[in-house]
Amino acid sequence: MTSTAHSGAHADTGQRRPLNPHDFLNIDFCLSEEERLIRDTVRDYVRRDLLGRIPDAYDNAYLPEDFPRAAGRLGLLGMHLQGYDCPGTSAVAYGLACLELEAGDSGLRSFVSVQGSLAMFAIWRYGSETQKQTWLPAMAVGKAIGCFGLTEPDAGSDPSAMRTTARLEDGQWVLNGSKMWITNGSMAAVAVVWAKTPDGVRGFLVPRHTPGFSTRDITHKMSLRASTTSELVFEDCTLPSEAILPEAHGLSAPLSCLTEARFGIIWGAVGAARACYEAALDYASTRTQFGRPIAGFQLTQSKLVEMLTHLNTSLMLALHLGELKDAGQLHPQQVSFGKLHNVQSALDVARSARTILGANGITLEYPVMRHMTNLESVLTYEGTGEIHTLIVGQAITGLPAFH
Ligand code: TGC
Ligand code: FAD
């Protein structure tokens, strides 16, 4: 540390950046040039190529068809993984990409989370060399899509209650059971599937078109509409012995993948919140009632400032956890803290923004209601608010309260 570090020599030099309502705490200042470049590239792509199309995708319930390949070209798939044609960026850069994607729509970030942090991470961390060479380069460019099947109709928060089984028969694995609520399910060239074996929970790579494997899309969702969600069904689905992930033993393997994806959600939720805040600020500045912009009323300013504080504390928290992750210091329980805080905070921002937009707030012409309904899924998937509360509760008391 230099002798001037706390001497006030760098105090007010008059060189401060002007206050910016869109980056109130000047978080830009804390990012590296490379991180800013990645952030700006993803932001430009979302704004230029996707934002105009998202309302239709949401209305008609589809993920824009060109998105997987475009995300691959931008290096967003398996972004923070090293090797196998993955970009190997910092965790903070990956987080910033998630933020910008979710500022577009949670469905975009969900696709990238499932592809990179769940399916690719599982193969990268627990797969054989052959499995990695077969799948990871193709998945990194969006040519092969992956999904991650853990949840079942009767086992959501408690995946240890899963009923899907895998048994070895004449040197082949035979899978039976079903997985529910699986993002990218029917689009996937490969499903990472977790099943009970006589040796405990193990992971399997199930290529599409494997006999005995089928998918059914879940329709009439009121949330995450610009995203494919499916049921996976296994009826005597037969796989070669090498379909097993050799390094994954027990429930800790899928749970470690969840930690990766939850990290992305911590940032993504900030993106959804930012989109709602910006829509509300813009609307409040131009909408006139009682002869003046509604932004001039104290009650509206109170809402806007509360949104701003939620948004910026969430962003600082994401950045802090990202720096811990890059330093190899992040605990899963801290990730739970981040997901719990940032998703709840984003929901509060979205609900408040909706009130500022009045009746317009319920339409697809503005992004607020779309983000609000998406965030209901984000609150539930990757561990519900209650489950993350219990994870943090156990961390500080030493007492598990799940059962
Ligand atoms: P428990 O006994 O606590 O743990 C079993 C073993 O796992 C270890 N472990 C972890 N390891 C790495 N990362 C984590 N986050 C871990 N959490 C636990 C633990 O140390 C233990 O290891 P070992 O060696 O002693 O065996 O397990 P439990 O059965 O009591 O469950 C604990 C609980 C409730 C926290 C866990 O089951 C849980 O997190 N439930 C929530 C389930 C969930 O989040 N499902 C998400 C499905 S995927 C999804 O939603 C994708 S949406 C994606 C999108 O579209 O964006
Ligand atoms: P439940 O576990 O039945 O919970 C219902 C309620 O009970 C919740 O409020 C919960 O918090 C509460 N509860 C449960 N246990 C306790 C307890 N011990 N103490 C207090 N409260 C408790 N899963 C995948 O595997 N892969 C995916 O790709 C995937 N994508 C998804 C996409 C979407 C759009 C959605 C909505 C879900 C997705 N999921 C996926 C499933 C998701 O992970 C589960 O929905 C989630 O884990 C919760 O499980 P559940 O819905 O069965 O709710």
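Residues numbered from 1 in each chain as written. Chains lettered and ligands numbered in written order. Predicted model: local features only at pLDDT ≥ 70, side-chain atom pairs only at ≥ 80, totals over all residues. Heavy atoms only, no water.

Novice: Summarise the site of ligand 1; cite the residues concerned and give the values.
Specialist: Surveying the vicinity of ligand 1 reveals 24 residues, the closest of which are Ser110, Ser157, Thr259, Arg262 and Gly383. Within the side chain of Thr183, an N or O atom sits 3.0 Å from an oxygen atom of ligand 1. At 2.8 Å, a backbone N or O of Gly383 approaches an oxygen atom of ligand 1. Within the complex, the protein chains bury 69% of what would otherwise be the 1,100 Å² of accessible surface of ligand 1. When each cavity is represented as a set of grid points, ligand 1 is found to reside in the largest pocket. Secondary-structure elements contributing two or more residues to the shell around ligand 1 are helix H5 (106-126) and helix H7 (252-286). Take the shell around ligand 1: its biggest share by element is 6 residues, from H7. Here the shell around ligand 1 is composed, by residue class, of 10 nonpolar, 11 polar and 3 charged. (Near = heavy atom within 4 Å. Polar contact = N/O pair within 3.5 Å; in protein donor to acceptor, adjacent residues only side chain to side chain. Areas by Shrake-Rupley, 256 points an atom, 1.4 Å probe, with all protein chains shown as cover. 1 Å grid on protein atoms, 1.4 Å probe; cavity = no way out; pocket = protein on both sides within 12 Å on 5 of 7 lines; lining within 4 Å. Sits in = over half its atoms within 2 Å of the grid points. Helix = DSSP H or I, 4+ residues; strand = E, 2+ residues; numbered from the N terminus. Nonpolar A, V, L, I, M, F, W, Y, C, P; charged D, E, K, R; others polar.)

Novice: So what's going on with the pairing of strand E4 (residues 165-169)? Residues and values would help.
Specialist: In summary, the side chains of a regular strand alternate between the two faces of the sheet. Two elements, E4 and strand E5 (residues 172-183), share 5 bridges in a ladder whose sense is antiparallel. The residue bridging Ala166 from the neighbouring strand is Leu175, located in E5. With antiparallel pairing between neighbouring strands as the criterion, E4 and E5 make up a hairpin whose turn holds 2 residues, including Asp170 at a positive phi of roughly 50°. (Pairing = 2+ DSSP bridges.)

Novice: Which residues make up empty space enclosed by the protein, and what values go with them?
Specialist: This structure, assessed with the given rule, holds 1 cavity of 30 Å³ or more. Volume-wise, the largest cavity comes out at about 40 Å³. For the largest cavity, the full set of lining residues is Lys339, Leu340, Val343, Val378, Leu379, Gly383, Thr384, Gly385 and His388. Of all elements in the fold, only helix H9 (332-356), helix H10 (368-380) and helix H11 (385-397) reach the threshold of two or more residues within the lining of the largest cavity. (Points joined across faces, edges and corners; volume = space filled by probe spheres on them.)

Novice: Lay out the nonpolar core with the relevant residues and their values.
Specialist: The biggest cluster of nonpolar side chains holds 100 residues, and the ones touching the most others in it are Phe67, Val192, Trp194 and Trp267. With 19 residues, H7 is the single largest residue contributor to this core. Within the second largest apolar cluster, 18 residues are counted, among which are Leu175, Ala191, Val193 and Leu232. (Core = buried A, V, L, I, M, F, W, Y, C linked by side-chain atoms within 4.5 Å. Buried < 20%, exposed > 50% of the residue type's maximum accessible area, 1.4 Å probe, protein only.)

Novice: An account of the packing of aromatic side chains is needed here, citing residue identities and associated values.
Specialist: Applying the stated criterion across every chain, the model contains 9 aromatic pairs. Measuring from ring centre to ring centre gives 6.5 Å for Tyr45 and Phe67, while their planes differ by 10°; the resulting arrangement is stacked. Of this pair, Tyr45 sits in helix H1 (residues 33-50) while Phe67 sits in helix H3 (residues 67-73), placing them 22 residues apart in sequence. Note on accessibility: Tyr45 and Phe67 belong to one class, buried. Clustering of aromatic rings is evident, with ring pairs tying together Tyr45, Phe67 and Phe111. Looking at Lys325, its charged tip hangs above the ring of Phe263, at a distance of 5.5 Å from the centre. (Phe/Tyr/Trp six-rings, centres within 6.5 Å; stacked < 30°, edge-to-face > 60°. Lys NZ or Arg CZ within 6 Å of the ring centre and 35° of its normal.)

Novice: Help me get a handle on the pattern of salt bridges, residues and values and all.
Specialist: Using the criterion set out here, one finds 17 salt bridges in the structure. When the shortest N-O distance is used, the salt bridge between Asp28 and Arg39 registers 2.9 Å. With Asp28 in the segment before H1 and Arg39 in helix H1, this residue pair connects regions lying 11 residues apart in the sequence. The residue Glu102 makes a salt bridge to Arg109 at a minimum N-O spacing of 2.5 Å. Beyond isolated ion pairs, a larger network of salt bridges with shared partners links Arg43, Arg47, Glu100, Arg274 and Glu278. (Salt bridge = Lys/Arg side-chain N within 4 Å of Asp/Glu carboxyl O.)

Novice: Tell me about the site of ligand 2, residues and numbers included.
Specialist: In the vicinity of ligand 2, 17 residues are found, and the nearest of them are Thr151, Ser157, Trp181, Thr384 and Glu386. Here a nitrogen atom of ligand 2 sits 2.9 Å away from a polar atom, N or O, in the main chain of Phe402. About the coverage of ligand 2: the protein hides 67% of its 970 Å² of free accessible area. Of all the cavities here, the one that holds ligand 2 is the largest pocket. Elements with a minimum of two residues in the shell around ligand 2: E5, H10 and H11. Among the elements that line the shell around ligand 2, the one with the most residues is E5, at 3 residues.

Novice: Explain the side chain of Glu231 residue by residue, including any values.
Specialist: Assignment of secondary structure puts Glu231 in strand E9 (residues 229-240). The residues contacting Glu231, other than those within four sequence positions of it, are Ser178, Lys179, Met180, Ser214, Thr215, Arg216 and Ile218. (Contact = heavy atoms within 4.5 Å.)

Novice: Please set out the environment of Gly200 residue by residue, giving values where relevant.
Specialist: The topology assignment puts Gly200 in strand E7 (residues 200-207). A residue is classified by how much of its surface remains accessible, and Gly200, at 28% relative accessible area, is partly exposed. Sequence separation between Gly200 and Gly250 is 50 residues, and the spatial gap between their C-alpha atoms is 5.6 Å.

Novice: Report on the packing of H1 against helix H4 (residues 91-104), specifying residues and quantitative values.
Specialist: The interhelical angle for the contact between H1 and H4, taken along N-to-C directions, is 20°, at an axis separation of 9 Å. As judged from the angle between their axes, H1 and H4 are roughly parallel. Once H1 is placed against H4, the crossing between them reads as right-handed. Mapping the contact onto sequence places Glu35, Ile38, Arg39, Val42, Arg43 and Val46 in H1 and Val92, Ala93, Leu96, Ala97, Glu100, Leu101 and Gly104 in H4. Broken down by class, the residue content of the contact of H1 with H4 amounts to 8 nonpolar, 1 polar and 4 charged. (Axes fitted to C-alpha atoms, helices over the stretch in contact; angles between N-to-C directions. Parallel < 35°, antiparallel > 145°, perpendicular 65-115°, else oblique. Left-handed = near helix turned anticlockwise from the far one by under 90°.)

Coordinates in, geometry out; function isn't part of it.
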